[in-house]
Amino acid sequence: MMYPVIRKLAVIAFFTCIVGSSMAQDPGGPKNNLSPLERPESKPFRILTNGKQITIQSNKNINKIIVWTASGNRFVEQSNIEASSYNFTIPAKEKFVFMMLELQGGKRFTQKIGVQ
């Protein structure tokens, strides 16, 4: 008669310890421990989509852009653009494309772009 009560109390104590220890965990990830100088900065460009039409707008001049499909076929490859925006149209069947953008000063960015 006494054993079921002791068993229930032991289970309640066990779950209370588990719940208490899980609430004591640090919710922050490794990015919260970085100083403001070490945090990744935002990208200096925006990607605007309108159906299959893509526009890249940047704070700096765009030096080079390469866009390729998921199967690896390049359909945009331009160098020495020297403009702050660039437009292109994605081929008909593609749902995702990948873009490599090089800004003035040699800084390169890659981005996956999804379209409808």
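Here is a short report on the structure shown in this document. (Residues numbered from 1 in each chain as written. Predicted model: local features only at pLDDT ≥ 70, side-chain atom pairs only at ≥ 80, totals over all residues. Heavy atoms only, no water.)

Summed over all chains, the structure comprises two salt bridges. Between R74 and E77 there is a salt bridge, with its nearest N and O atoms 3.1 Å apart. Judged by its relative accessible area of 54%, R74 falls in the exposed class. (Salt bridge = Lys/Arg side-chain N within 4 Å of Asp/Glu carboxyl O. Buried < 20%, exposed > 50% of the residue type's maximum accessible area, 1.4 Å probe, protein only.)

Residues V11, F14, F15 and I18 make up a contiguous nonpolar surface patch of about 380 Å² in total accessible area. Secondary-structure assignment places V11 in helix α1 (residues 2–23). (Patch = residues over 30% accessible without salt bridge, like charges linked within 9 Å, V, L, I, M, F, W, Y side chains within 5 Å. Areas by Shrake-Rupley, 256 points an atom, 1.4 Å probe, with all protein chains shown as cover. Helix = DSSP H or I, 4+ residues; strand = E, 2+ residues; numbered from the N terminus.)

Per the counting criterion, the structure on display carries five aromatic pairs. Consider the rings of F45 and F109, whose centres lie 5.4 Å apart with planes at 65 degrees: the pair is edge-to-face. Residue F45 is found in strand β1 (residues 45–50), and its partner F109 is found in strand β5 (residues 108–114); the two are separated by 64 residues along the sequence. Look at F109 and you get buried, because its relative accessible area is 13%. The structure contains a cluster of three or more aromatic residues connected by ring pairs, namely F75, Y86 and F88. Lying across the ring of F96, K112 places its NZ or CZ 4.4 Å from the centre. (Phe/Tyr/Trp six-rings, centres within 6.5 Å; stacked < 30°, edge-to-face > 60°. Lys NZ or Arg CZ within 6 Å of the ring centre and 35° of its normal.)

Right, let's get into the nonpolar core. Counting residues in hydrophobic clusters, the biggest one holds 18 residues, and the most contacted among them are I56, I65, F88, M99 and L101. Of all the secondary-structure elements, those providing two or more residues to this core are β2 (53–69), β3 (74–89), β4 (96–103) and β5. It is β2 that provides the largest number of residues to this core, a total of five residues. Apart from residues no more than four positions distant in its own chain, I56 is found in contact with F45, R46, I47, I62, I65, S84, S85, Y86, F88, M99 and L101. (Core = buried A, V, L, I, M, F, W, Y, C linked by side-chain atoms within 4.5 Å. Contact = heavy atoms within 4.5 Å.)

So yeah, pure geometry; function would need other evidence.
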